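So you can see what is in the structure, the chains are spelled out below.
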Amino acid sequence: MKKILFGITSLTIGGAERVLVDLANELCEKYEITIFTIYPNGEFEKTLSPKVNLKSLQNKQFKELNKIQKIIVPLKIWLRQKSIYKKHIKNNYDIEIAFLEGAITRLFSTKNKQTKKIAWIHNDISKVFGSNLKSKIKKLVDAKIYNKFDKLVFVSKDNENKFKEVYKNNVIEKQVIHNYIDKNRVIKKSNENIEDIFTENNINFVTVARLVEQKAIDRLISIHSNLIKQGFNHNFYVIGDGPEKENLEKMIIDNNVGQTFKLLGQKENPYPYIKIADYFCLLSYFEGYPMVVEEAKILNKQILITDTAAREVVFGYEAAQIFKNTEQGIYDGLKENIENFVKLQDNIDNSYNNKFIIEKIIELVGE
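(A) The arrangement of the overall build of the chain in detail. Counting secondary structure elements, the chain contains 14 helices and 13 strands. Radius of gyration (C-alpha) of the chain: 21 Å, near the 21 Å computed for a compact globule of 367 residues. Expressed as a percentage of its 367 residues, the buried residues of the chain come to 54%. Split by element, the accessible area of the chain, about 17700 Å² in all, is 48% carbon and sulfur. Mean positive and mean negative side-chain charge positions of the chain (56 and 47 charges, respectively) differ by 9 Å.

Set out below in structure tokens:
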């Protein structure tokens, strides 16, 4: 049985993390699967099959580290990657897959002739690290890092194209494989009972996103406020947590929309909220191949997205709209949907099937 090692920063709540758990649970019947995390005790660890092995570099979650440790630990991984790899990872795995950009990819790039190396890119590499001096240094370092892998896998064609724009000299073989989702898990979890917080006599929008700049929740608050002032009544609910939370809470207060724009916090099971909402939205500045949009498709929701790589996810899905990725474009799109709202029937799209993705991955790693 082939031994496959997946690496990721942690298994906290997130899109790539959810995809990895679903993948590992599916593949562990055919391969010996191990997941290596930098930080332990992520919420998704408890959803792993008992057949999946789990290892961690640290003994504390990232959020449990103090300010100094949050700087020192990533720096130590950067400077001592060879010794860390030799001590904690090298174990004659047939395949090592760095499943997320950043530290884990740099760590897994360490040379090992016995192992096939694959890097999985989930985001727009031209934007994911920002545009400051630190990001420019990372891009210079990663130009060499990505050339150490045997193959690069992208979750969307758009991500592959953006990567090629940034790393023009990279000659490593590339492939696009869309994110895999366990459809039955999504449908089952969507039927769990939750407190009904939505307003019956109003249009309810829900988004699921980490509270980071990429997701443009600040822009959304501003748009929502303007719509409310113009008399286009609706509610927005945001599921997720992250470093922008305090700033967003202040914006909500400053814009006097606390009754209509609500941050619900992190939810291990967001699916019942998606299911009962009138619209699912993901109005980000940029995206990779957002799994949560695929999940909204499984739940047969009306979907509103900005023009990002997420357009690949909704291709052919009739109940989706793509807005111009500007404040005015989103304002106009939301306004039109509020004015002309028609509720979809709440039937589950049981025809959804992405088993072919597993077939692509088996072909990638070999029997």
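(B) Spatial organisation of the sheet that holds strand E13 (residues 320-323). Taking strand neighbours across the sheet as the criterion, the six strands line up as E10-E9-E8-E11-E12-E13 in an open arrangement whose pairing is parallel. The strands lining the two open edges of the sheet, one partner per strand, are strand E10 (261-265) and E13. For this sheet the average axis-to-axis angle between neighbouring strands, irrespective of direction, equals 25°. Relative to E13, strand E12 (residues 302-306) runs parallel, the two sharing four bridges. What sits directly across from Ile305, in E13, is Ile322.

(C) Quick look at the packing of aromatic side chains. Across all of its chains, the model carries 13 aromatic pairs by this definition. Ring geometry for Tyr146 against Phe163: centres 5.1 Å apart, planes inclined by 85°, an arrangement best described as edge-to-face. Of this pair, Tyr146 sits in the loop between helix H5 (133-145) and strand E6 (151-154) while Phe163 sits in helix H6 (residues 157-166), and the two are 17 residues apart along the sequence. Taking relative accessible area as the criterion, Tyr146 reaches 1% and is therefore assigned buried.

(D) Looking closely at helix H1 (residues 15-27). The end-to-end C-alpha separation of H1 is 18 Å, in line with the 18 Å expected for 13 residues at 1.5 Å each. Counting buried positions over the 13 residues of H1 gives ten, a clear majority of the element. Taken as a whole, H1 has its buried residues at Ala16, Glu17, Arg18, Val19, Leu20, Val21, Asp22, Leu23, Ala24 and Leu27. Elements in contact with the buried residues of H1: strand E1 (3-8), strand E2 (32-37), helix H7 (183-190), helix H10 (271-276), helix H11 (291-298) and helix H14 (355-365).

(E) Focus on the sheet that holds E1. Strands sit in the order E3-E2-E1-E4-E5-E6-E7 across an open sheet of seven strands; the sheet is parallel. At either margin of the open sheet sits one strand with a lone partner, and together these are strand E3 (53-56) and strand E7 (173-176). Between one strand axis and the next, the sheet turns by 20° as a mean value, whatever way the strands run. Bridging between E1 and strand E4 (residues 95-98) involves four bridges; their strand directions are parallel. The partner of Leu5 across the bridge, within E4, is Glu96. Sheet strands touched by H1: E1 and E2. Its angle to E1, the strand with the most contacts, is close to 170°. Relative to strand E5 (residues 116-121), H14 is tilted by about 145°, and along the sheet it contacts E1, E4, E5, E6 and E7.

(F) Looking closely at the confidence of the model for the chain. Overall, the predicted model of the chain reaches an average pLDDT of 92, with 98% of residues at or above 70. In the model of the chain, H5 stands out as the element of lowest mean pLDDT, 82, in contrast to helix H8 (residues 217-229), which has the highest, 98.

(G) Just a nonpolar patch on the surface, in detail. Taken together, the side chains of Leu75, Trp78, Leu79, Leu133 and Ile137 define a hydrophobic patch exposed on the protein surface, amounting to about 510 Å² of accessible area. Going through the elements one at a time, helix H2 (67-79) and H5 are the ones with two or more residues in the nonpolar patch.

(H) Geometry of the nonpolar core. Ranked by internal contacts, the top residues of the largest apolar core, which has 94 residues, are Trp120 and Phe280. When residues in this core are grouped by element, the largest group, seven residues, is from H1. Setting aside its immediate chain neighbours within four residues, Phe280 contacts Val206, Thr207, Val208, Ile274, Val292, Val293, Ala296, Lys301, Gln302, Ile303 and Leu304. In terms of nonpolar packing, the next biggest core, distinct from the first, is built from 24 residues, Ile223, Phe261, Leu304 and Tyr331 among them.

Parameters and conventions
- Residues numbered from 1 in each chain as written.
- Predicted model: local features only at pLDDT ≥ 70, side-chain atom pairs only at ≥ 80, totals over all residues.
- Heavy atoms only, no water.
- Helix = DSSP H or I, 4+ residues; strand = E, 2+ residues; numbered from the N terminus.
- Rg over C-alpha atoms; globule rule 2.2 N^0.38 Å.
- Buried < 20%, exposed > 50% of the residue type's maximum accessible area, 1.4 Å probe, protein only.
- Areas by Shrake-Rupley, 256 points an atom, 1.4 Å probe, with all protein chains shown as cover.
- Lys, Arg positive; Asp, Glu negative; His and termini not counted.
- Charge placed at Lys NZ, Arg CZ, Asp CG, Glu CD.
- Pairing = 2+ DSSP bridges.
- Axes fitted to C-alpha atoms, helices over the stretch in contact; angles between N-to-C directions.
- Phe/Tyr/Trp six-rings, centres within 6.5 Å; stacked < 30°, edge-to-face > 60°.
- Expected span 1.5 Å × (residues − 1).
- Contact = heavy atoms within 4.5 Å.
- pLDDT = per-residue confidence, 0-100.
- Patch = residues over 30% accessible without salt bridge, like charges linked within 9 Å, V, L, I, M, F, W, Y side chains within 5 Å.
- Salt bridge = Lys/Arg side-chain N within 4 Å of Asp/Glu carboxyl O.
- Core = buried A, V, L, I, M, F, W, Y, C linked by side-chain atoms within 4.5 Å.

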